[in-house]
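# Structure at a glance
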Amino acid sequence: MLRRSLSIVLLLAFMTLLMGPATGEAAELTDEQRAKRVDQLFDRENLVAWCVVPFDAKRRGPEERTVMLRALGLEQLAYDWRAEDVPHFDTEMEMLKKYDVELTGFWHFGGLDANARTILDLLERHEIETTLWVLIGEPEGETDAEKVGKAADTLRPLAEAADAIGCSIGLYNHGGWFGEPRNQVRIIETMDMDNVGIVYNQHHGHHHVDEFAELLELMMPHLICLNLNGMMPDGDQHGQKIWPLGHGELDLELLNVIVESDYDGPIGVLGHTMDDVEQRLLDNLAGLEWLKPQLKGESAGERPTTRTQ
């Protein structure tokens, strides 16, 4: 009996080696795997410039902005805009093509309204397939289920119109009820459409820090972009909502969670202050470069000084 039990144990151990860890258990990365993952995930080619249009002391135009991004080694832009930028939409798309910068996202507030139709017409005209980064207000309703249903009803026509031209939408967390990942996942499940995902911003998730790993796992099947920020404890309550990457006390811990997850999509780096946005991006890029060796378990030297803080 003992010999038979031992044989069974050995057989199960051999099968585990062949099949890998049980479902729900993440395999631990080797040092080599971790280093490769860090380099790929945070490579400049995988980084997206975000909040760099209205947030720029120099108020760069479309060509100046695109040239600046390429000079920084950035090849992706998520486009945020204000009313004064609308007349320049076509020029912006032309410059992105001219300098080979990918339009990863296009910000939009609301459902399928006049602004959405302007954006979709623009994208179709320039034959650009991208993702609308969408936020809406809190829907009316006495229960979460009612709010989820109304949010789905608001967003479905927009998702259908986007799908018709090869585009998608990403639910964008900007605080409030709609900005909660659990609510966004419920909305996506209710909509049941293949072109709906999530864009997550750390700077709008200061209150998520303690459960970031859990929320990241929840969002993972839907996550299409993850925007980084320097994260301090309760930073949004102490004038540190937007903070240089690499200068937040929680940055290394949170980036480790990302590295150890299965996420392999684009990573956003912020402007989002009224400094010269090039200088702000340089601060975040320098901070990220300082964090990368630490994520590999290596020495990083002195923390870089900031230009804009």
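Source: prediction; values computed, not measured. (Residues numbered from 1 in each chain as written. Predicted model: local features only at pLDDT ≥ 70, side-chain atom pairs only at ≥ 80, totals over all residues. Heavy atoms only, no water.)

## Side note on empty space enclosed by the protein
Note the following rule: Residues are called lining when one of their atoms sits within 4 Å of a cavity or pocket point, these points coming from a 1 Å grid over the protein atoms alone, where a cavity is a set in which a 1.4 Å probe fits but cannot get out and a pocket is an open set with protein on both sides within 12 Å along at least five of seven lines. Grid points are joined across faces, edges and corners, and a volume is the space filled by probe spheres set on the points. A run of H or I in DSSP counts as a helix once it spans at least four residues, and a run of E counts as a strand once it spans at least two, with each numbered from the N terminus.
Scanning the model with the defined rule gives two cavities of 30 Å³ or more in all. Of the volumes computed, that of the largest cavity is approximately 50 Å³. Lining the largest cavity, in full, are Leu228, Asn229, Gly230, Ile242, Trp243, Leu245, Gly268, Val269, Leu270, Gly271, Arg280 and Asn284. The set of elements that each furnish at least two residues to the lining of the largest cavity consists of strand S8 (267–270) and helix H10 (277–295). Tallying contributions element by element places S8 first for the lining of the largest cavity, with three residues.

## Here's the deal with the environment of Thr308
Where we set the bar: It only takes one pair of heavy atoms within 4.5 Å for two residues to be counted as in contact. Under the rule applied, a polar contact is a pair of N or O atoms within 3.5 Å (in protein, one hydrogen donor and one hydrogen acceptor; residues adjacent in sequence only if both atoms are side-chain atoms).
Mapped onto the secondary structure, Thr308 falls in the segment after H10. Each residue touching Thr308, except ones within four places of it in the same chain, is listed here: Asp275, Gln279, Arg280 and Asp283. Among the polar contacts listed, one links the side chain of Thr308 to the side chain of Arg280, at a separation of 3.0 Å.

## Digging into the pattern of salt bridges
What counts here: Whenever Lys or Arg places a side-chain nitrogen within 4 Å of a carboxyl oxygen from Asp or Glu, that contact is recorded as a salt bridge. Exposure classes here rest on a 1.4 Å probe applied to the protein chains alone. A residue is buried below 20% of its type maximum, exposed above 50%, and partly exposed in between.
Following the criterion strictly, the structure yields 17 salt bridges and no others. In this structure, Glu138 engages Lys147 in a salt bridge whose closest nitrogen and oxygen atoms are separated by 2.4 Å. Judged by relative accessible area, Lys147 falls into the buried class, the value being 13%. A network of salt bridges, in which partner residues are shared, links Asp56, Lys58, Arg60, Asp276 and Glu278.

## Some words on the packing of helix H3 (residues 62–71) against helix H4 (residues 89–98)
Put simply, the rule is: A fitted line through C-alpha atoms represents every axis, and for helices the fit uses only the stretch in contact; the resulting angles, taken between N-to-C directions, go from 0 to 180 degrees. For classification purposes, an angle smaller than 35 degrees is called roughly parallel, one larger than 145 roughly antiparallel, one from 65 to 115 roughly perpendicular, and anything else oblique. Two helices cross in a left-handed way if the nearer one is turned anticlockwise from the farther one by less than a right angle. They cross in a right-handed way if the turn is clockwise. Under the scheme applied here, ten amino acids are nonpolar (Ala, Val, Leu, Ile, Met, Phe, Trp, Tyr, Cys and Pro), four are charged (Asp, Glu, Lys and Arg), and all others, including Gly, are polar.
For the pair H3 and H4, interaxial distance at closest approach is 9 Å and the crossing angle is 30°. Judged by the inter-axis angle, H3 sits roughly parallel to H4. Crossing geometry of H3 relative to H4 is assigned as right-handed. Contacts between H3 and H4 pair Pro62, Glu63, Arg65 and Thr66 from the former with Thr91, Glu92, Met95, Leu96 and Lys98 from the latter. Among the residues forming the contact of H3 with H4, the class breakdown is three nonpolar, two polar and four charged.

## Points about the sheet that holds strand S5 (residues 168–172)
In a beta sheet, neighbouring strands are held together by backbone hydrogen bonds and run either parallel or antiparallel to one another. What counts here: Should DSSP find at least two bridges between two strands, the strands are taken to pair.
Strand order in the closed barrel made by the eight strands is S1-S2-S3-S4-S5-S6-S7-S8, with parallel pairing throughout. With direction set aside, neighbouring strand axes in the sheet form an average angle of 30°.

## Observations regarding the confidence of the model for the protein chain
So the rule is basically this: Along the chain, pLDDT gives the predictor's confidence residue by residue, from 0 to 100.
Taken over all residues, the pLDDT of the protein chain has a mean of 93, while the share at 70 or more is 91%. Across residues 1–25, confidence stays below pLDDT 50; counting only partners more than four residues off in sequence or on other chains, it has one contact.

## Focus: the packing of aromatic side chains
How we decide: Aromatic pairs are defined between Phe, Tyr and Trp rings, using the six-membered ring for Trp, whenever the two ring centres lie within 6.5 Å; interplanar angles under 30 degrees are classed as stacked, those over 60 as edge-to-face, and all others as tilted. Comment: the charge-over-ring label is applied if NZ (Lys) or CZ (Arg) is within 6 Å of the ring centre and within 35 degrees of the ring normal.
With the rule as written, the count across this model stands at nine aromatic pairs. Through a chain of ring-to-ring contacts, three or more aromatic side chains come together here, namely Tyr79, Trp81, Phe89, Phe106 and Trp107. It is Arg82 that lies over the ring of Trp107; its NZ or CZ is 5.9 Å from the centre.

## Observations concerning unusual backbone geometry
Despite not being glycine, Glu127 has its phi angle at roughly 55°, a positive value. With respect to the element layout, Glu127 can be found in the loop between helix H5 (114–125) and strand S4 (131–135). By relative accessible area, which is 74% here, Glu127 ends up exposed. One non-glycine residue with positive phi stands out, namely Asp192, at about 55°. With respect to the element layout, Asp192 can be found in the loop between helix H7 (181–191) and strand S6 (196–201).

## Comments concerning helix H8 (residues 212–219)
The condition is simple: To be clear, the arc concerns the directions from the helix axis to the C-beta atoms.
When H8 is considered as a whole, its buried residues turn out to be Phe212, Leu215, Leu216 and Met219. Down the axis of H8, the smallest arc covering the buried residues is 105°, so these residues share one side. Buried residues belonging to H8 abut H7, S6, strand S7 (223–227) and helix H9 (251–259).

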